[in-house]
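# Observations on the model geometry
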Amino acid sequence: MNADLHTPTGGCGSAACSCQDSPAAPSLPRIEAPLGAPRDALAAAQVNGIALCDAGELLDPMELRQRACTELLRQTAQAQGLLAADDPVPRAGAISEAAGSAIEQLLDAELQLPEPDDNAGRRHYQAHAARYARGERVRARHVLFAVTPGVDINALRQRAEACLLDVRSATPQEQAAGDRFAAAASASSNCPSGAQGGQLGWLRIEDCAPEFARELFGHAEVGVLPRLVHSRFGLHVVEVQERDAGTVPPYEQVRAAVLQQLRQQSFATGLSQYLRLLAGRARVVGVDLEGAKTPLVQ
């Protein structure tokens, strides 16, 4: 791997690319949002009259939804007496330490999640054993269309989808005449790796941000992925050039990791259901949270 692509000053080690993890990953799971909400809608976004954006802030719709979800939980914690009524309104999305603790208490009480057993663990392991491979490596390259403040998300996605279609539709003869993927990376990528045709070299799962790793590891696909990869940094056209599968340990050796994965999946599902229930009861303006008016089902 080219070390220059993984330094804090640019490329895959910076906020321009997501092949490395970032310590600023959100603690609450994102609910997928439609891209390209109008900027005036973002400015007016509110939950029960509490504005989600400060003056002059530029947020992408997914960040806005994340703030809306957090505000729903903060207000519910207040309503249940877990948080003082005079808790300060968040600024720039930052909630108080007391609000964070209150939200944890709220979720502990409201999300009655089942504890996974070994039967469920073994079924999950058998279906997804490749996810637990040790030493798995992927040699990949990408074209990054970075999400930056003020960017037109709809236009960005159209450019990314056009690039994906272009590199996937290249015939063998066209590929023999020139490396279309490398040309696209050189011309369009917002990552410094574009100068090397988008090459990221050999990656391990620990080298990548979680949302990027989920698309690359634990799969058998080789070639240009048939979908855009969404990350906190933008949209990626990705080609897996080679895989080294590593070794898959027996269930007993990865039991703790498997059961923890099932707990995380259960939490994410329960939280999404709970947030939709809260959204259905709230006055949400400028954010589509798919509010549910039916009881929470675990």
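To start, this report covers the structure provided alongside it.

The rules behind these values
Residues numbered from 1 in each chain as written. Predicted model: local features only at pLDDT ≥ 70, side-chain atom pairs only at ≥ 80, totals over all residues. Heavy atoms only, no water. Salt bridge = Lys/Arg side-chain N within 4 Å of Asp/Glu carboxyl O. Helix = DSSP H or I, 4+ residues; strand = E, 2+ residues; numbered from the N terminus. Buried < 20%, exposed > 50% of the residue type's maximum accessible area, 1.4 Å probe, protein only. Polar contact = N/O pair within 3.5 Å; in protein donor to acceptor, adjacent residues only side chain to side chain. Pairing = 2+ DSSP bridges. Axes fitted to C-alpha atoms, helices over the stretch in contact; angles between N-to-C directions. Parallel < 35°, antiparallel > 145°, perpendicular 65-115°, else oblique. Contact = heavy atoms within 4.5 Å. Nonpolar A, V, L, I, M, F, W, Y, C, P; charged D, E, K, R; others polar. Expected span 1.5 Å × (residues − 1). Arc of directions from axis to C-beta. Core = buried A, V, L, I, M, F, W, Y, C linked by side-chain atoms within 4.5 Å.

## Focus: the pattern of salt bridges
- By the definition in use, this model includes 14 salt bridges.
- Its salt-bridge partner being R232, residue E211 comes within 2.6 Å of it at the nearest N-O pair. In this pair, E211 sits in helix α8 (residues 210-216) while R232 sits in the loop between β8 (229-231) and β9 (234-244), placing the two residues 21 residues apart along the sequence.
- Judged by its relative accessible area of 14%, E211 is buried.

## Observations regarding the environment of L216
- Mapped onto the elements, L216 comes out in helix α8.
- Take L216: its relative accessible area is 0%, and that puts it in the buried class.
- Between the alpha carbons of L216 and V240 there is a distance of 7.6 Å; along the sequence they are 24 residues apart.

## Notes on the side chain of Q75
- Among the secondary structure elements, Q75 is positioned in helix α2 (residues 61-79).
- Relative accessible area serves as the criterion here: at 16%, Q75 is assigned to the buried category.
- Within the structure, the side chain of Q75 is placed 2.8 Å from the side chain of N48, a separation counted as a polar contact.

## With respect to the pairing of strand β5 (residues 137-146)
- Of all the 10 residues making up β5, 8 are buried; the element is thus mostly covered by neighbouring parts of the structure.
- Judged from the 10 bridges that link them, β5 and β9 form a sheet pairing that is antiparallel. By the bridge assignment, A146 is partnered in β9 with G234.

## Some details on the packing of α2 against helix α9 (residues 251-281)
- For the pair α2 and α9, the least separation of the axes is 10 Å and the interaxial angle reads 75°. Classified by the angle between their axes, α2 and α9 sit roughly perpendicular to one another. When α2 is examined against α9, the residues C69, L72, L73 and T76 are found in contact with a partner set consisting of L271, Y274, L275, L278 and A279.
- Along the lines of polarity and charge, the residues of the contact of α2 with α9 split into 8 nonpolar, 1 polar and no charged.

## Here's the deal with helix α3 (residues 97-110)
- With 14 residues, α3 should reach 20 Å at 1.5 Å per residue; the first-to-last C-alpha distance of 20 Å fits that figure.
- Inspection of α3 places A99, A102, I103, L106 and L107 among the buried residues, and these make up the whole buried set. The arc that holds the buried residues of α3, viewed along the axis, is 135°, so those residues lie on one side. Residues E97, E104 and D108 are exposed on α3 and point more than 90 degrees away from its buried face.
- Taken together, the buried residues of α3 touch α2 and α9.

## Some thoughts on the nonpolar core
- Counting 23 residues, the largest nonpolar core has L73 and Y274 as the members making the most contacts within it.
- For this core, the element with the highest residue contribution is α9, accounting for 6 residues.

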